[in-house]
Amino acid sequence: MPQSPRDAARADILSRFLPSVDRDVSGLAAAHCEERGLTAPGGLPAATLCLGSHAAVTRLIWETFAPGWDDVVYVYDGTRGEQTRYLGAKLHLTVALAASGDEPTPGVQAALEAARRALAELWRVWAGYQATTTDALSLAVTEFEDVR
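Let me begin by describing the structure that accompanies this report. Residue positions are counted from 1 within each chain, in the order its sequence is given. Reporting in this predicted model follows two pLDDT cut-offs: at least 70 for local features of residues, and 80 or more for side-chain atom pairs to be given and counted; totals over whole chains, interfaces and linings ignore these cut-offs and use all residues. To get the side-chain values, all heavy atoms of the structure are used, and hydrogens and water are removed first.

Here we look at helix 2 (residues 26-36)
Relative accessibility decides the category of a residue: with a 1.4 Å probe and only protein chains considered, values under 20% of the type maximum give buried, values over 50% give exposed, and everything between is partly exposed. The secondary structure listing takes helices from DSSP runs of H or I that are at least 4 residues long and strands from runs of E that are at least 2 residues long, numbered from the N terminus. Buried residues of helix 2: S26, A29, A30 and C33, and no others. Down the axis of helix 2, the sector holding all buried residues measures 100 degrees, keeping them to one side. When checking whether two residues touch, look at their non-hydrogen atoms; a contact exists if any pair is within 4.5 Å. Elements that come into contact with the buried residues of helix 2 comprise helix 3 (46-50), helix 4 (54-62) and helix 5 (80-99). Where helix 2 ends, the next residue or the one after it, G37, has phi of about 70 degrees, a positive value. Directions from the helix axis toward the C-beta atoms define the arc.

Overview of the environment of D77
Mapped onto the secondary structure, D77 falls in the loop between helix 4 and helix 5. According to the relative accessible area criterion, D77 is exposed, its value standing at 72%. With 48 residues separating them in the primary sequence, D77 and V125 have C-alpha atoms 9.5 Å apart.

What about the nonpolar core?
Among the nonpolar cores identified, the biggest contains 36 residues, and F17, I61, Y86, L93 and W123 are the most heavily contacted of them. Within the residue set of this core, elements represented by two or more residues are helix 1 (5-21), helix 2, helix 3, helix 4, helix 5 and helix 6 (106-133). With 11 residues, helix 6 is the single largest residue contributor to this core. Leave out the neighbours within four places in its chain, and L93 touches V57, L60, I61, V108, A111, L112 and A115. Residues grouped as a nonpolar core are buried Ala, Val, Leu, Ile, Met, Phe, Trp, Tyr and Cys residues, joined through side-chain atoms within 4.5 Å.

Here we look at helix 1
The span you would expect from a helix comes to 1.5 Å times its residue count less one. The first and last C-alpha atoms of helix 1 sit 24 Å apart over 17 residues, in line with the 24 Å expected at 1.5 Å per residue. Turning to helix 1, its buried residues are A9, R10, I13, F17 and V21. Structurally, helix 1 contributes buried residues whose contacts are with helix 4, helix 5 and helix 6. Polar contacts, as used here, are pairs of N or O atoms within 3.5 Å; protein pairs need one atom able to donate a hydrogen and one able to accept it. Residues neighboring in sequence count only if both atoms are side-chain atoms. Between the side-chain oxygen at the start of helix 1 and the backbone nitrogen of D7 there is a gap of 3.1 Å, and the oxygen is on S4.

Some points on the packing of aromatic side chains
To pair, rings of Phe, Tyr and Trp, with the six-membered ring standing in for Trp, must have centres within 6.5 Å; the planes then decide the type, stacked if under 30 degrees apart, edge-to-face if over 60, and tilted in the middle. Enumeration according to the criterion identifies 8 aromatic pairs in this entry. Note on W69 and W123: the rings are 5.1 Å apart at their centroids and 85 degrees apart in plane angle, and the pair reads as edge-to-face. Of this pair, W69 sits in the loop between helix 4 and helix 5 while W123 sits in helix 6, placing them 54 residues apart in sequence. Judged by its relative accessible area of 13%, W69 is buried. Among the aromatic residues, those joined into a cluster by ring pairs are F17, W62, F65, W69, Y86, W123 and W126.

Here is the structure:
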């Protein structure tokens, strides 16, 4: 069965989301760990655990991501604030993981939940902005569906 125009538009937006918004913050996290002198429980400098952690931290944040469309509306002013909050939350999670020795401590769990909330908010705004700035993708948003 062929995709509807709305489903095709949504699939296109979703396929561009991760590569468009996610960045490697492991180097910055390592610098934060070094500045603070953080060590993992075994005495290993936490900075060494940060380096190369990008893929694992990203997977951890994104593993439960389920894009919703109900709250996506047209967005005209961009996504810079939401992307900054997401990357800040990812940075905080990376540092927390390194300082805990990659153990799921309560602090790590709180940082993970904050990163997932920031990702969900970034999705809502990013998807709306994509639908707003690309006419062909505006079909993905149902904000004004009743007036079509």
